[in-house]
Amino acid sequence: MTTEAPSATAQDTFPRQYARTLRYTVGQPRSFAVAPDGARVVFLRSTGRDRANLLWTLDPATGAETVVADSVQLLGGGEEDLSPAERARRERSREGSAGIVGYALDGAAELAAFALSGRLFTADLAAGAARELPAAGPLLDPRPSPDGRWIAYPTTAGALRLIAADGSGDRALAEPEAAGVTWGQAEFIAQEEMDRDRGYWWSPRSDALLVARADDAPVQRWWIADPARPETVPTEVAYPAAGTPNAEVTLWLFALDGTRTEVVWDRAAYPYLGRVHWSAGGAPLLLVQARDQRSQLLLTVDQATGATSELLAEQDAAWLELFSGAPAWTPDGRLVRISDEPGHRALFVDQVKLTDDTLHLRAVLAVGAEEILCTASAGEGAEDQTPGLQGLYAVPLDGSGPRLLRRGAALDAVRGGEVTVLSSSALDRPGRRAEVLRGGESVLTVTSYAETPVLTTRPQFRLVGEHRIPAAVVLPTGYDRERDGLLPVLMDPYGGPHAALVVQAHNAFLGSQWFADQGFAVVVADGRGTPGRSPAWEKAIAFDFAGVTLDDQVEALQALAEEFPLDLGRVAIRGWSYGGYLSALAVLRRPDVFHAAVAGAPVTEWRLYDTHYTERYLGHPDERPEVYEANSLTGDAARLERPLMIVHGLADDNVVAAHTLRLSSALLAAGRPHTVLPLSGVTHMTPQEQVAENLLLLQVAFLQEKLGLKPAPGQ
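Numbering of residues starts from 1 in each chain and follows the order in which that chain's sequence is written. Two thresholds apply to this predicted model, a pLDDT of at least 70 for residue-level local features and 80 or more for giving and counting side-chain atom pairs, whereas whole-chain, interface and lining totals are computed over all residues. Hydrogens and waters are ignored; side-chain quantities use all the structure's heavy atoms.

S.K.: Residue-level account of the overall build of the chain, with values.
M.R.: When helices and strands are counted, the chain shows 13 helices and 43 strands. For 715 residues, the compact-globule formula gives about 27 Å, and the C-alpha radius of gyration of the chain, at 25 Å, lands near that figure. By principal-axis analysis of the C-alpha atoms, the chain measures approximately 70 × 60 × 60 Å. Within the span of the chain, comprising 715 residues, buried residues form 58% of the whole. We call two residues in contact when some of their heavy atoms are within 4.5 Å. A sequence separation of at least 24 residues applies to 60% of the contacts in the chain between residues at least 6 apart. A 1.4 Å probe and the Shrake-Rupley method give the accessible areas. Residues count as covered only by the protein chains that appear here. Accessible area of the chain: about 27,300 Å², with a carbon and sulfur share of 48%. Strands are runs of DSSP state E lasting at least two residues, helices are runs of H or I lasting at least four, and both sets are numbered from the N terminus onward. We take the radius of gyration over the C-alpha atoms and set the globule estimate at 2.2 Å times the residue count to the 0.38 power. Residue exposure (1.4 Å probe, protein chains only): buried if accessible area is under 20% of the type maximum, exposed if over 50%, otherwise partly exposed.

S.K.: With reference to specific residues and values, describe helix 3 (residues 84–92).
M.R.: Along helix 3, the residues classified as buried are Glu86, Arg90, Glu91 and Arg92. On its buried side, helix 3 packs onto strand 5 (98–99) and helix 4 (188–192). At the exit of helix 3 stands arginine 94, carrying a positive phi of roughly 55°.

S.K.: Break down the packing of helix 8 (residues 545–560) against helix 9 (residues 578–589) for me, with residues and values.
M.R.: Between the N-to-C directions of two axes lies an angle of 0 to 180 degrees, each axis being a line fitted to C-alpha atoms and, for a helix, fitted only over the stretch in contact. Two numbers describe how helix 8 lies on helix 9: the axes approach to 10 Å, and their chain directions differ by 80°. Considering their axes alone, helix 8 and helix 9 lie roughly perpendicular with respect to each other. Judged by residue contacts, Phe545, Ala546, Thr549, Leu550 and Gln553 of helix 8 engage Tyr578, Tyr581, Leu582, Leu585, Ala586 and Arg589 from helix 9. Each residue belonging to the contact of helix 8 with helix 9 can be placed in one class, and the counts come to 8 nonpolar, 2 polar and 1 charged. Orientation labels follow simple angle bins: below 35 degrees gives roughly parallel, above 145 gives roughly antiparallel, 65 to 115 gives roughly perpendicular, and whatever is left gives oblique. Polar here means any residue outside two lists: the nonpolar Ala, Val, Leu, Ile, Met, Phe, Trp, Tyr, Cys and Pro, and the charged Asp, Glu, Lys and Arg; Gly therefore counts as polar.

S.K.: Quick one: what's the story with the sheet that holds strand 33 (residues 419–426), residue by residue and with numbers?
M.R.: Pairing is antiparallel in the open sheet, where 7 strands are placed in the order 29-30-31-32-33-34-35. What marks the edges here is a single partner per strand, and that holds for strand 29 (359–367) and strand 35 (441–445). Averaged over all pairs of adjacent strands, the angle between strand axes in this sheet comes to 35°, irrespective of strand direction. Paired strands, as defined in this entry, are two strands with at least two bridges between them according to DSSP.

S.K.: Residue-level account of the nonpolar core, with values.
M.R.: If you look at the biggest cluster of nonpolar residues, it comprises 80 residues, and the most contacted ones within it are Phe545, Phe594, Trp606 and Leu644. With 9 residues, the single largest contributor to this core is helix 8. Only buried residues count toward a nonpolar core, which is a set of Ala, Val, Leu, Ile, Met, Phe, Trp, Tyr and Cys residues joined through side-chain atoms within 4.5 Å.

S.K.: Outline the environment of aspartate 226, listing residues and values.
M.R.: For aspartate 226, the location among the structural elements is in the loop between strand 17 (221–224) and strand 18 (235–238). Measuring from C-alpha to C-alpha, the distance between aspartate 226 and valine 682 comes to 9.7 Å, with 456 residues separating the pair along the chain. At 3.3 Å, the side chain of aspartate 226 and the side chain of serine 680 are in polar contact. Definition of a polar contact: a pair of N or O atoms within 3.5 Å, with one able to donate and the other able to accept a hydrogen when the atoms are protein atoms, and with sequence-neighbouring residues admitted only if both atoms are side-chain atoms.

S.K.: Explain unusual backbone geometry to me, and be specific about the residues and the numbers.
M.R.: Of the consecutive residues glycine 137 and proline 138, the connecting peptide bond is found in the cis state with omega at -5°. Relative to the helices and strands, proline 138 resides in the loop between strand 9 (129–133) and strand 10 (143–144). Going from alanine 326 to proline 327, the amide bond is cis rather than trans, its omega being 5°. Tracing the chain through its elements places proline 327 in the loop between strand 24 (308–315) and strand 25 (328–329). A positive phi angle, close to 50°, is found at serine 117, a residue other than glycine. Here serine 117 shows up in the loop between strand 7 (111–116) and strand 8 (119–124). Non-glycine residue aspartate 195 carries a positive phi angle of around 55°. By secondary structure assignment, the location of aspartate 195 is in the loop between helix 4 and strand 15 (200–202).

Limitation: the analysis is restricted to geometry and does not speak to function.
Right, dumping it as structure tokens:
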């Protein structure tokens, strides 16, 4: 197949192009895997303006790219038919594309398995051919055994089934015993908050599986209606809000004949199954956490009895973070883990610390026989504290010290043999580049069909204020200080845990640049609580969202005004999710600083948000009711004296629309005028093209009006 990256149309404005391309991700290669011998690279990519991903292979020796599975052809040209379970799974992973959105490989990377419209498909990667297997769907997340002989798959009805790779012998390994029970699926909070989207794991010898059983019967039920379609039945959602029961999660060892043994640990003390790792390096490895997430155990599993043995117990006064790629085994059976140290986050193998305070570990990407591939940002001991950059490092197991392979933004990598596929972003080019490295040297670049943005971003980076807050300032294209003078300010933060926006990547600031070109100086600041700086920086928000994160936005704004042309008499703020919470908080509690706000999908009452996230940072609401009161917004409704627009998708099952409705009711009761923009049929994401486009236009029009700006020509 040959194709070219599509160009912007003559009618394209930035909002239209930004929405149509799903923020310029359509056509971008993604989801890479490399065969253990480095002979084959596997990935997903759509073509043209089509959001449907195809499954591709790439030959690192020649650069030849081959389509091995086309979702449109496999479905006979018909539309995708997604089950509610698959829609929910995509919502949890913020997946807005279509077609093949995920796949799993056997150990040799010769066989791929994937689901389309709840049906099971496999692809012979060497032959470049795909076919459907006669499985009992609708199904989710199929995974081949390492030897390629079997494929396990969960069904939307809650069963876990097994079928031979030739399509014979389809049978159930486990069936749900009651409504609400699922086998082999991650429960809501595991997907939403733990970054664990799997519910079963193959043994390295392909003779057994570890299978999670989740029972959401204890979880309270909420109902999400579509007010625009009153004839439809509301959707029932099992939502574990802070302080309420979670799903009951157990773990079982299954032989291929269906015989099972329960894995036993103190689930009363450690109910959260955070991580599972099973490789040839050792016995099954579990990380289990207490509900308050201040203590956790690393356990190994006896495959004969299901009994567990403690390898390590960890505690933290604030909370213990879950990491990508760790814990894990090295091939020779040593324990790889990431742990907090003063001023940084360190990589350990057994009890040997392999990194110092110059590096703050972010993730383990690959564990080899001689070295570990990982990402890290600068630790407190590093001389260079340039904001928004990470490094890809190879850390030798012999303790000889980390080796920097590449520096950039949004780094990710996979490795097989001598071949590494590195994905990265940079300031001087749009989009993400995927390079194939051999022996550390770039040998080719994977083709991207992503559109080139109609804008060019020009952020300026600083570390500002007493806390040296990472920040970026974006000024209008062609701005001249003598001619244009001071500019009204738009703060554009997320500001909360797990997401840093100050990254040295071109596309990260496209939205900010567009707002700047409408007449604003846009400020993006990552205050305390955001990731990548140090454990103390991240944990400064413990039991205090409202004070710390808002204080740091104010500190960054005032410090930047000493250098940049910021009109502190006209300051607006906008954000989504935690950023929406922070935006509403800003006009409610600091009207002396902030003069207008747009709050998208804001959490307004933390008792309405989920257990694992909320209790990690604020504690249990029954134990710390004063903390929940101090960090929620509805009690501040009478303080509103600035213009506030609240935007919320009515189909949101993460931050439910009740958050906005309760704040709006409190504002109305207090006689405070405000604007509510309900988005019918929209979830926490906004993948709908027209909605996403017009949402940008409505926000900028609101902010321009409230700050007294004239609309920019052609916006």
